Amino acid sequence: MTAIAHAIPVPDLTDDSLAAVTAEVAATAEEYDRTGAVPVLGLAAAHRAGLLTATVGRQYGGPGAGPRDTARILTALGEGDPSVALIAANTLMAHAAQAANPHWPRELYDDLLERSLAGPAPVNAIRAEPELGAPARGGLPKTTVRRTGSGWVLDGHKSYATGGEALAYHVVWAVAAEPGGDPEAPRVGHVIVPADRPGITWVDTWDHLGLRASNTHDVIYQGVELPADAFVEIPRGPDGVYRDPAATTAPGGFGHPALYLGVAKAARRAFADFARSRVPGALGRPIATTERIQSVAGEIDLQIAQAETLLHGALLRVEAGEEAVLPQLPVIKVAIARAVVAAVQTAVAALGNPALSRRNALERHLRDVLCVRVHPPQEDAALLAAGRRVLGV
């Protein structure tokens, strides 16, 4: 069937426009961090700017933004509020995946796009489970979809479902339970689930160090009825094992490190603001005028420049068709993570106690940037794979 073209807005991705969105999102970030509520005002700002649908494919009437523009969007949102940026990242990756490989039932994707025109309509691929943990290292989910005469019924318990009740759609990783199916080789895939279907219950489990407003709670599915085309199978890997799609870093997966680059930029700004305003009595002038603080600012800038250059340099090489960079993407992602964490930690270490006060934005930026390490592939897995590739073993 020919895709229906929707009137998706084309966002203004100039530096000035993105900076204006950053400032609007940042205005409410501290309050949402304290309350843990869904950051509705930040999401609304991103929606009004057309950022939540920037990756909708051109075949659906969308702008079709590529990985580099997506990274710029998420860096801008991450600088304002990384909880908003994380919800946006998951949504943008879902639209980009649909543009590259259409797999949603047409009726459901049309519904998502219509909702996206009316207001924020976040999407998230929900994979982790309480017993399995994150599936990036392999394993099968206990969540199941059971065949019925008219479609499927979904049952299961998922963890770390970022977006919580703000989600418009869930893309749920599950095992298909079918009559006559092979229990030794079950079909595994994603189920497209409208968030307003009966049988979905949220459990408020998110009490985290960082990204406190991301609402990354548990969700329980009990007898959720879905149409026959809602299940999309994931093929086994070359080793015969099912792999979580997030376990392999592709260019589109650079959205997560991009948002934490934004956190580092926010920390740089907070450091500079504090240094310009802090006037110790013994010094009689702002600490920003001292060579020590100037050197620290230079070190922070170095780490951010390194992360930003790695991020966009890798994506430029991918755009140029350099296949040699593809197996290096996971370790490049690790290097970006190390750099953004180092940038924020450098700022905090230089200022001492004031930087660890809840009155100082650096305390929040430190908590948030540490979350970069949880996104797959995690550091040890990326380094192990790279080492084996280099050694040929």
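Up top is the structure these notes are about.
Residues numbered from 1 in each chain as written. Predicted model: local features only at pLDDT ≥ 70, side-chain atom pairs only at ≥ 80, totals over all residues. Heavy atoms only, no water.

(A) Layout of the overall build of the protein. Summing up its helical and strand segments, the protein has ten helices and eight strands in all. Relative to a compact globule of 393 residues, whose C-alpha radius of gyration would be 21 Å, the protein shows 22 Å and is just as compact. Looking at the 393 residues of the protein, the share that counts as buried comes to 50%. Long-range pairs, those at least 24 residues apart, make up 74% of the contacts in the protein with a sequence separation of at least 6. Carbon and sulfur atoms make up 54% of the accessible area of the protein, which amounts to about 17500 Å² in all. Computed over 35 positive and 42 negative side-chain charges, the separation of the two mean positions in the protein equals 5 Å. (Helix = DSSP H or I, 4+ residues; strand = E, 2+ residues; numbered from the N terminus. Rg over C-alpha atoms; globule rule 2.2 N^0.38 Å. Buried < 20%, exposed > 50% of the residue type's maximum accessible area, 1.4 Å probe, protein only. Contact = heavy atoms within 4.5 Å. Areas by Shrake-Rupley, 256 points an atom, 1.4 Å probe, with all protein chains shown as cover. Lys, Arg positive; Asp, Glu negative; His and termini not counted. Charge placed at Lys NZ, Arg CZ, Asp CG, Glu CD.)

(B) Empty space enclosed by the protein, seen in detail. What the rule picks out here adds up to one cavity of 30 Å³ or more. Of the voids in this model, the largest cavity is the one considered here, and its volume is about 50 Å³. Around the largest cavity, the lining residues are Ala29, Asp33, Asp81, Pro82, Ser83, Leu211, Arg212, Ala213, Arg364 and Asp368. For the lining of the largest cavity, the elements supplying multiple residues, two or more each, are α1 (15–35), α4 (82–100) and α9 (361–369). For the lining of the largest cavity, the class distribution of residues is four nonpolar, one polar and five charged. (1 Å grid on protein atoms, 1.4 Å probe; cavity = no way out; pocket = protein on both sides within 12 Å on 5 of 7 lines; lining within 4 Å. Points joined across faces, edges and corners; volume = space filled by probe spheres on them. Nonpolar A, V, L, I, M, F, W, Y, C, P; charged D, E, K, R; others polar.)

(C) Inspection of the side chain of Thr70 at higher detail. When you line up the elements, Thr70 lands in helix α3 (residues 67–80). Looking at Thr70, the relative accessible area reads 9%, which means it is buried. Sequence-distant contacts of Thr70, defined by excluding residues within four places in its chain, comprise Thr55, Ala65 and Leu92.

(D) Expanded view of the layout of surface pockets. Counted as a void, the second largest pocket has a volume near 350 Å³. Forming the boundary of the second largest pocket are 15 residues, of which Asp15, Thr75, Ala76, Glu79 and Lys265 lie nearest the centre. Contributions of two or more residues to the lining of the second largest pocket are made by α1, α3, α6 (255–277) and α7 (291–319). By residue number, the principal contributor to the lining of the second largest pocket is α3, which donates five residues. Residue classes in the lining of the second largest pocket are distributed as five nonpolar, three polar and seven charged.

(E) Representation of the packing of α6 against α9 within the structure. Remark: α6 packs on α9, axes separated minimally by 9 Å, with the N-to-C direction vectors making an angle of 160°. Taken together, the axis directions place α6 and α9 in an arrangement best described as roughly antiparallel. For the crossing formed where α6 meets α9, the hand is left-handed. Residues Tyr260, Val263, Ala266, Ala267, Ala270 and Phe271 of α6 lie in contact with α9, whose contacting residues are Ala361, Leu362, His365, Asp368 and Val369. (Axes fitted to C-alpha atoms, helices over the stretch in contact; angles between N-to-C directions. Parallel < 35°, antiparallel > 145°, perpendicular 65-115°, else oblique. Left-handed = near helix turned anticlockwise from the far one by under 90°.)

(F) Region of the structure containing unusual backbone geometry. Each neighbour pair has its own omega, and for Pro376 with Pro377 the value is -10°, a cis peptide bond. With respect to the element layout, Pro377 can be found in the loop between α9 and α10 (379–391). At Tyr160, a residue that is not glycine, the phi angle is positive and equals roughly 55°. You can see Tyr160 is positioned in strand β3 (residues 151–161).

(G) Structural view of the environment of Asp33. Topologically, Asp33 is positioned in helix α1. For Asp33, a relative accessible area of 6% corresponds to the buried category. In the structure, Asp33 is positioned 349 residues away from Ala382 in sequence and 31 Å away in space, judged by C-alpha atoms. The contact partners of Asp33, leaving out residues within four places of it in the chain, are Arg212, Arg358, Arg364 and Arg367.

(H) Quick look at the nonpolar core. With 66 residues, the main nonpolar core has Leu77 and Val340 as its most contacted residues. Residue assignment for this core shows that the elements contributing at least two residues are α1, α2 (40–48), α3, α4, α6, α7, α8 (329–351) and α9. Not counting residues within four places of it along the chain, the set of residues in contact with Val340 comprises Tyr260, Leu261, Ala264, Ala307, Val369 and Val372. Counting residues in hydrophobic clusters, the runner-up holds 19 residues, among them Leu154, Ala161, Ile200 and Ala230. (Core = buried A, V, L, I, M, F, W, Y, C linked by side-chain atoms within 4.5 Å.)

(I) Broad picture of the side chain of His312. Within the secondary structure, His312 sits in helix α7. Looking at His312, the relative accessible area reads 12%, which means it is buried. Every residue in contact with His312, bar those within four places of it in the chain, is listed here: Arg68, Ala71 and Arg72.

(J) Fine view of the packing of aromatic side chains. For the structure shown, the criterion picks out five aromatic pairs. Ring plane angle 45° and centroid distance 5.2 Å describe the contact between Trp152 and Phe231, whose orientation is recorded as tilted. A residue pair is termed long-range when its members are at least 10 positions apart, and Trp152 in strand β3 and Phe231 in strand β8 (residues 231–233) qualify at 79 residues. For Phe231, a relative accessible area of 9% corresponds to the buried category. Cluster of aromatic residues (ring-pair linked, three or more members): Tyr60, Trp104, Tyr109 and Tyr169. (Phe/Tyr/Trp six-rings, centres within 6.5 Å; stacked < 30°, edge-to-face > 60°.)

(K) Main features of the pattern of salt bridges. A complete count under the given rule lists 21 salt bridges for this structure. In this structure, the salt-bridge partner of Arg106 is Asp110, at a minimum N-O distance of 3.8 Å. With Arg106 and Asp110 both in helix α5 (residues 106–118) and four residues apart, this pair spans about one turn of that helix. Classification of Arg106 as partly exposed rests on a relative accessible area of 36%. (Salt bridge = Lys/Arg side-chain N within 4 Å of Asp/Glu carboxyl O.)

Limitation: the analysis is restricted to geometry and does not speak to function.
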